[in-house]
Structures are given as structure tokens and as C-alpha cells.
Amino acid sequence: MRAKLISIVILVTFLTSYSFGQNKGVNISGLIKDKADKSALSYVNVVLKTEKDSAFVTGTVSNEEGRFTLSNIKPNNYYFEISFIGYVTKRQSIYVGSLSEFLDVSTIDLEEDIKTLGEVVVSAKQDEVGGKMDKKSFKVEDNISQSGGSVLQIMQNLPGVTIQDGKVQLRGNDKVTILIDGKQTALTGFGSQSGLDNIPSSAIEKIEIINNPSSKYDANGNAGIINIVMKKNKQEGFNGKVGFTTGLGSLWVRQENLPTIRPQYQFTPKINPSLSLNYRKKKINAFFQADNLYTQTLNKNEFVARTYDDGTIINQQLKRNRNTNYFTSKAGFDWNINDNNALTISTLFGSEKIIDRGDQPFFNADNTVRKRLWQFLEDELKTTVMATAAYQHKFKQAGHLLNIGFNYTFHREDEKYYYYNYLPTTTGTDAFKLLSDEQVYDFNFDYIKPLKYGHIETGIKLRNRNIPTNMQFIPGVNSVLDTNAGGWATYKELIPAIYGNYIFENKKWEAELGLRIEYVKIQYDVNPNHNTYKSDGYNYTQPFPNTRLAYKINDRNKISFFYNRRVDRPNEVDIRIFPKYDDAEIVKVGNPALRPQFANSFELGYKTNWNKGYFYSAAYHRFADGTITRISSIAPNSNLIYAIFQNAGRSYNTGLEVFLTQEVAKWYSFNLNLNGYHNQINAFSVENKYPIPNTFSADKQEIVSGNIKLNNTFNLPKNFDAQLTAIYLAPDIIPQGKIAQRFSLDLGIKKSLQKGKAELFLNATDILNTMIIKKEIQGQGFKYISTDYYETQVIRFGYNYKF
């Protein structure tokens, strides 16, 4: 138990805004030659000692080519002691930092000597070390209070992350790019945030948060990057993991329905079996993983009171009972062709089936007269197939690498809606069918070269993406659909990019200088019969620099500075020309004229750590031009509200983030995350073209907001661990309005069984049932207040076994 606690403390000590997680250590390499004739010297003794007290750390001998490698060296000040029969023993200092996984000391020359030295016998020792500067990493298995849920539910307990309207935010900003195994995939909308609530956490090994990405990453996502790392074992022989989780949600009705509609879902079941297999023998490592997550969910239960300037009041409720089955599987193999070459081939298949049964009644101010009832059935199937090939060549110098990768993705979205429109004197029926087949080709070339005090990395990337969509409106009796807004549209994306990074580190300074240059060409072709929108597109060539600079005051204190320039390109769904009727009177429509927003961010951080904890604070400032936001407006002579994405001008996000972690006792530790920020959107005026042109203007909006997150971990007797998580989100601004404060409390407990090979867990999310979303929206000629009592309270029970 004590060893476990110590390892946890070591892990969290190295948490910073740019560094959190576990690192395997640094590999040091070099080449030893005769100083006179420059010939390589074989079997030279290389010993590494600490500079402070000359304590032996590790050692090796050079190979037949004169090269040597020392592995898993933790950050510190060292010196080499290099000795060989017939040569003068040489001492050379070296500083090992945490920015580079590989260091190259280049060539070390030895002078001949008549003195014969005895052979040095050495033995290797491996050490663990804190992580790199550029990310913080969280193991999913450590998140006890959200075990067995979706990836989105796991994320809401992570420090620095909040969830709002089903979207992930970093520091109050939802412009976050989501990666899976370091790549943008169709599972999450190629960098956007679709599907996160349906990906089972049982398939995930860890989650990495990158607030200040380097230039090797795609420039999209000004708030940062979240990388989801899938499970893959590499142990020798046959091994794996099997798990099963079940649960119930919506344990009671939080808000009664408006009259005359079908019941809300209650006691909604959750079922998640999972299987992970791995076989490794000699040069081949084969892996397979499959997960199936079936859920019933009260996906939405929103009550809205709309008030218009003419005095009209409409009360409505949007209730959505959802059945979801999400199956994902991944299989492949790693082939170590020889010591210098390796090849990985993998495939991924995902199938997401969604059935929504929705009711939306509309009443007068006192709910005595029903004006309308809108019922719908959504039947949606999303299918994803990916094929990936990755080749790696290792040069003779340790850490000198060439990586080449190719990825193909096919993603089909097959969506059908059936509507029933009940009016006081008539009944209408409508339907539509949407079919979208997305194909994406990605190619990357990455090169890494270690240096004595850091490394350089450079590469190119090419993406070609094509998304043809076809919307067929099928009007019935008394149709309310805008049938002239359907038809076909095709999204085309071409992005070649080149990047370079230089990473430097010595005893006092750490630095990274990077530059990415991207050419982007977007073309959105619209069928000529559309009643509002025409074909559109844009292209640009832009530089995206990044800078990271840190000064080490001493071993326990560090100051860091970051600068990034990034972009947020509109997603294909943001510019889709088809109106969406899952809300009958607040209709969402895309905008082909939407353009990217460019953002610049600055950050200044300070970290100090001690034996049983750490403190980190970061002041940050970000401003964006062409801010992408959704604008709600009403068309003349209509009560319908149309929500359309627009570029709204400049916005600002300035704040302070604080992390504190402490082991209070052997049985209790905590980490506290505080984030306070000032959000501002300048005044702007835009023209909404759908359904008919109308101008919208808004005054400057600003607010001081923030959030608090407290994770308490208890290490109890008899292999029990427990976690209690409290989350508070302060009121915040949203487009044209505000969102009220929110609070939740999560609790989880797990027990290790069968000599650590198995575990049982039980957890409950939002145990007080307090997570309610309340918004106030102010438009021109109307305002509305919405309160969403969607399902947040879930109890889960699960079992996992490793073999």
C-alpha cells in the first residue's frame, strides 16, 4: 500500500499545465572514436555518474561500430566516465532534462595512453521519470467515479476540463480538437466532438490533454487538443482483459411532462461488455479489441418559455427518449522486421445505431391550451471503417527515427426522420432521409533527429477529404417542411502542411521553437435548386508558430511561457445547407459562407513541487478574430426561431488556472483545480440569409466565470479504493445569453481481487441529481428561458479481469 501511495505521489508531482503523466525515461546515445585517426572504438566502457556525489547510475560498452546507448535515465546533472585499455580516461558532463526522450552526445574522442586500465564491470539500473512538457496524461482506470461510462463522462472529472451542452471545454472554450491515437478520425467528426457520449471508456487506455500543442499537430482547435489513446497490450505471450458493466439511469422524474405526451424514460438500462486480446511472440505482436455499449437514455428533457415583443408567450417541452447501440472493434499487428524497421497494420470498425422517440408540445402561457404537438422518430445508423499502415525506421543513432503513415477512412451517415404534426384542426405527416458518405485519405512523413541538448523534428502531412450528402424531404399531408432547401451538396477539403520543431534543454533553460505552414482549400458545392444558398468556399496559406520557454529556478521551481497561433475551421455539419427539424420551432441551419476563426494565445505558468504534492498556476490570454458562434433570430411575420452559425468578430478569453495536489495521509489524498476567467465577445452585426435575409446585431457581451473541481481519493483497507468528485460551474455567457450555475457530486468505489488480476467497481454520477442546464437567450423581438432536466444520474456496477 505504501509503495502504491508513493508511486501516485511521484506521478502527480510532475503535473503541470504542460506536463502530467509518466515517462519511461531518456535514452542517451553517442559514438566513440580514436582522436588521432577517427576510427570507431569498440567495447569501450561508458559509465554514467551523478555530478553531485559521483554516485554510479548505469553503464554499458560501445558496440562494434563504436556506438553506445544508455536507457531510462531520469532528469539530473551527470557526467560520463569513459575508459578503454590504452586510452586516457575521459570525463564529460551532460545534463538530462525532460523535454526529449532521446539525447545524442555526438562523437566522443579518446586519446591514446601507455597506461592500461582494468576493465570496468557495470550493471544497468532503470528509473522512472516525470513526463514531457507538452501534455498531461490521465489513466482511465484511475477515474473510479466514472468507470463504465462513456468517454465524455470520463472527461468531465479531469482537471481543466468542463462539459457544456455535450461539448468538451478547456478553460471555458469549446474549440477543442479530439484525436484518437494521435489522429483525427470520423469517430469524432475529424477533430470535432461528435460521438464522444457513445464511445465506451472500457476501450480507452488514457486521455492526454494538450493545452499548448506544438507545430507537429494539426493547427485546428484554438483551445487545445485532447488525445484519446486506445488500449493495446504488448506483453509477451497470450494475454488480455475481459469486462462487463451494467447500470441504471433516470431513477426518478425530476420534472413532470407537459400534458398529452408520452412518458419519459425511467430506469434506463446500460450494458457494456468488452474484450481485449493480445498475442506477442518474437517479432510479431497481434491485438484485437471489441466493445459494445447499449444504453437507453433520457437524452433531452428541455422546458422552454418563449416571450415575444408583441406579448405572445409559448411554453414548450422537448423530450427525447434515446436508444443507442455503439459497437467498436480494432485489430492489427506490429511486425518488428529487424532491429531497425517496424511495420504496424490495423483496422477499426465502428457502428452506432440511434433510435430517438421525441415529443414536443406547445402551450399557451398557463398551459391550458395546446397549440401544437410535434412528435418524431429518428432512425440513424453511422458506420465507420478505418485502415492504417505505419512504418518506422530506426537509424543507428538511438532516437533517430523516420515515421511514415497512411490512413484511409470511410464514414457513412444514414439518417431517417418521421414527423407527426398535430394541430387543433389538422394532422400533418412528414419525413426526410439524409445520406452522407465520407472518404478521407491521410498521409504523414515525420523525421526526428536527437541532439546533444534536445532534438529536432520535421515532417509533412497531406489530407484529402470528400463528403457528398443528399437530403431528401418527403412531404406528407399539411407539410411544414421547407422542401426547396433539400437536395445534394458536396464538401471537399485539401490540406497539405509542413512543420519543423527545435527542442533545446540545458541545466537552467528549456525551449521549443516550432512553425507549421498549412495550405487549406475548402470547396462546398450546392445544388443549383436550393432556395437560399449557393456554392461557396475559401482557401488560405497561413503560418502557425509556437514557442515554449521555461526557466528552472531550482529542482523544485520552474517558470514557463507559451505562445501559439491556431485556427478553427468550420466543420462540415456547421455549413450544411439543410434545416434540421428535431426542434420544430427552433430550427438549426448551416451556413456555407462561414469562415475560419484565427486565434493567438499566451500563457505564463509557475510550478513548485514537494515530496507529497505540487502547486501549479497559469495565467492565460487568448483572442480570436472571426469568432464562430450560433446566432438565433426570427424571420419576419413568423414565430419560428432559426439558429445559424456566423462569424461574430473578435472575442477574448483571459484567466487564471490553479492546480493543487496533496497526500494528506496514507489513506487520503486530493487534487483541486480552480479556473477563473473573463470571457468577452465584442459587438457585431451579421446577416442571416435563411429563410430570408435579415440582419442581426448584438452588443458587447462579457462575464467573469469559472469552475471548481475537487477529486478526493481514499485508499482503504482490504484493497478498497474510493473516489469522491465535486464539480461546480459558475454562470457563463453563451451566444446571445447566459447559462446558469451547475453542480454535481460523483462517488465511486472499487476493490482489487484475485491477486490484482480482477476488480469490482460501483459508482454513481450526480448522486444529488443537481446537474440541470438553465439558459437565458435574448434575441431581436424575442427572448426565451430553457431548463433541461436531461439524464445525469446513473448508477453502474462492473467487473474486469486481466489474464
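About the thresholds
- The residue count restarts for each chain, going from 1 along the sequence in the order it is written.
- With pLDDT at 70 or above as the cut-off, local features in this predicted model cover only qualifying residues; side-chain atom pairs require 80 or more to be listed or tallied, and sums for whole chains, interfaces and linings still use all residues.
- Values reported for side chains reflect all heavy atoms of the structure, with hydrogen atoms and water molecules removed beforehand.
- Put simply, DSSP marks the helices as runs of H or I at least four residues long and the strands as runs of E at least two long, and each gets a number from the N terminus on.
- For the radius of gyration, the atom set is restricted to C-alpha positions; the globular benchmark scales as 2.2 Å times the number of residues to the power 0.38.
- In this scheme, a residue with accessible area under 20% of its type's maximum is buried, one over 50% is exposed, and one in between is partly exposed, where area comes from a 1.4 Å probe on protein chains only.
- We call two residues contacting when some pair of their heavy atoms lies within 4.5 Å.
- We get accessible surface area from the Shrake-Rupley algorithm with a probe of 1.4 Å; when it comes to residues, only the shown protein chains can shield them.
- Charge counting treats Lys and Arg as positive and Asp and Glu as negative, with His and both chain ends excluded.
- Throughout, a charge is located at the NZ atom of Lys, the CZ atom of Arg, the CG atom of Asp or the CD atom of Glu.
- When a carboxyl oxygen of Asp or Glu lies within 4 Å of a side-chain nitrogen of Lys or Arg, that pair is called a salt bridge.
- Here the rule is simple: two strands pair whenever DSSP picks up at least two bridges between them.
- Helix axes are fitted only over the stretch in contact, all axes being lines through C-alpha atoms; the angle between N-to-C directions runs from 0 to 180 degrees.
- Here, the term nonpolar core denotes a set of buried Ala, Val, Leu, Ile, Met, Phe, Trp, Tyr and Cys residues that are joined through side-chain atoms within 4.5 Å.
- A patch consists of residues whose relative accessible area exceeds 30% and which take part in no salt bridge; residues with like charges are grouped when within 9 Å of each other, and nonpolar side chains (Val, Leu, Ile, Met, Phe, Trp, Tyr) when within 5 Å.
- Aromatic contacts are taken between Phe, Tyr and Trp rings whose centres are within 6.5 Å, Trp giving its six-membered ring; a plane angle under 30 degrees counts as stacked, one over 60 as edge-to-face, and the others as tilted.
- Per-residue confidence from the predictor is reported as pLDDT, a score between 0 and 100.
- N or O atoms within 3.5 Å of each other form a polar contact, as long as, within protein, one can give a hydrogen and the other can take it, and as long as residues adjacent in sequence are counted only when both atoms are side-chain atoms.

## Description of the overall build of the protein chain
Along its length, the protein chain carries three helices and 47 strands. A globule of 803 residues ought to have a C-alpha radius of gyration of about 28 Å, and the protein chain, at 29 Å, matches this closely. The C-alpha extent of the protein chain, read off along each of the three principal axes, is 110 × 60 × 50 Å. In the protein chain, which comprises 803 residues, the proportion classed as buried is 55%. Within the protein chain, contacts between residues separated by at least 24 positions form 68% of all contacts whose residues are at least 6 apart in sequence. Within the structure as shown, the protein chain displays about 33,300 Å² of accessible surface, and the carbon and sulfur contribution to it stands at 57%. Computing the positive centroid from 95 side-chain charges and the negative centroid from 80, the protein chain places the two 3 Å apart.

## Examining the pattern of salt bridges
Overall, the coordinates contain 41 salt bridges when judged by the stated rule. We note a salt bridge from Lys49 to Glu81, for which the minimum N-O separation is 3.5 Å. Here Glu81 lies in strand β7 (residues 76–83) and Lys49 lies in strand β4 (residues 45–50), a separation of 32 residues in the sequence. Since its relative accessible area comes to 29%, Glu81 is described here as partly exposed. Residues Arg306 and Glu585 are paired through a salt bridge, measuring 2.3 Å at the closest nitrogen-oxygen approach. Residue Arg306 is found in strand β19 (residues 284–308), and its partner Glu585 is found in the loop between α3 (572–575) and β30 (586–589); the two are separated by 279 residues along the sequence. Residues Arg306 and Glu585 agree in their burial class; the two are buried. Each of Asp218, Lys461, Arg516, Glu518 and Arg569 takes part in one network of salt bridges that share partners.

## Looking at the sheet that holds strand β6 (residues 67–73)
As summarised here, the arrangement of the three strands in space is β6-β3-β9, forming an open sheet in which the pairing is mixed. The open sheet terminates on both sides in strands that have one partner only, identified here as β6 and β9 (102–110). Each strand of the sheet is rotated relative to its neighbour by a mean of 20°, with strand direction disregarded. Pairing of strand β3 (residues 26–34) with β9 involves seven bridges; the strand directions are parallel.

## Section: the sheet that holds strand β33 (residues 628–634)
Spatially, β30-β34-β33 is the arrangement adopted by the three strands of the open sheet, whose pairing is mixed. Edge positions in the open sheet fall to β30 and β33, since each of these has one partner strand only. Within the sheet, the average angular offset between the axes of one strand and its neighbour, ignoring direction, is 30°. Where β30 lies against strand β34 (residues 641–647), four bridges are found, and the strand directions are parallel. By the bridge assignment, Lys588 is partnered in β34 with Ala643.

## Topic: the nonpolar core
In this structure, Tyr419, Tyr581 and Tyr690 are the most contacted members of the largest nonpolar core, which totals 54 residues. Not counting the four nearest positions on each side in its chain, Tyr581 is found in contact with Trp374, Tyr419, Phe473, Val480, Leu481, Asp482, Val587 and Tyr690. Val168, Ile178, Ile226 and Ile228 belong to the second largest nonpolar core, which has 25 residues in total.

## With respect to the pairing of β4
One face of the sheet, then the other: side chains in a regular strand alternate in exactly this way. Where burial is concerned, most of β4 is hidden: six out of the six residues are buried. Neither face of β4 is left uncovered, since the one carrying Asn45, Val47 and Lys49 and the one carrying Val46, Leu48 and Thr50 both have all their residues buried. One ladder, built from five bridges, connects β4 with strand β5 (residues 56–61); its direction is antiparallel. The partner of Leu48 across the bridge, within β5, is Thr58. Counting the residues between successive antiparallel strands, the hairpin from β4 to β5 contains five residues, one of them, Ser54, with a positive phi of roughly 60°.

## Digging into a nonpolar patch on the surface
A cluster of nonpolar side chains, contributed by Phe406, Tyr441, Phe443, Phe445, Ile460, Leu462, Leu494, Ile498, Leu515 and Ile517, occupies part of the molecular surface with about 810 Å² of accessible area. For the nonpolar patch, the secondary structure elements donating two or more residues are β24 (427–451), β25 (454–475), β26 (487–505) and β27 (509–526). A total of three residues in the nonpolar patch trace back to one element, the largest contributor, which is β24. Note on Leu494: relative accessible area 31%, which makes it partly exposed.

## A word on the packing of aromatic side chains
Within the structure shown, the criterion is met by 30 aromatic pairs. For the ring pair Tyr419 and Phe432, a centre distance of 6.1 Å and an interplane angle of 40° mean the geometry is tilted. Here Phe432 lies in strand β24 and Tyr419 lies in strand β23 (residues 401–422), a separation of 13 residues in the sequence. What makes Phe432 buried here is its relative accessible area of 3%. Clustering of aromatic rings is evident, with ring pairs tying together Trp374, Phe376, Tyr417, Tyr419, Phe432, Phe473 and Tyr581.

## Here we look at the environment of Tyr790
On the secondary structure map, Tyr790 appears in the loop between β46 (782–788) and β47 (794–802). With 17 residues separating them along the chain, Tyr790 and Ile773 place their C-alpha atoms 8.4 Å apart. If near-sequence neighbours (up to four positions away) are discounted, Tyr790 is found in contact with Arg254, Leu298, Asn299, Lys300, Asn301, Met771 and Ile773.

## A closer look at the confidence of the model for the protein chain
Of all residues in the protein chain, 92% have pLDDT values of 70 or greater, and the mean over the chain is 87. Counted against residues more than four places away or in other chains, residues 1–23, with its pLDDT under 50, gives 72 contacts.

## Let's talk about unusual backbone geometry
The peptide bond linking Tyr690 to Pro691 adopts the cis configuration, its omega dihedral lying at -5°. On the secondary structure map, Pro691 appears in the loop between β37 (684–688) and β38 (694–698). Positive phi, close to 65°, is recorded for Ser106, a residue that is not glycine. Inspection of the secondary structure assignment puts Ser106 in strand β9. When its relative accessible area of 42% is taken as the criterion, Ser106 is described as partly exposed. Even without being glycine, Gln736 reaches a positive phi, approximately 70°. Here Gln736 is to be found in the loop between β41 (732–734) and β42 (737–739).

## What about the environment of Gln597?
Here Gln597 shows up in strand β31 (residues 597–610). Put simply, Gln597 and Glu352 are 245 residues apart on the chain and 31 Å apart in space, counted from C-alpha to C-alpha. Apart from the residues within four sequence positions on either side, Gln597 is in contact with Lys175, Asn222, Arg566, Val567, Asp568, Ala624, Asp625, Gly626, Thr627 and Ile628. Of note is the side chain of Gln597, whose polar atom sits 2.6 Å from the backbone nitrogen of Ile628.

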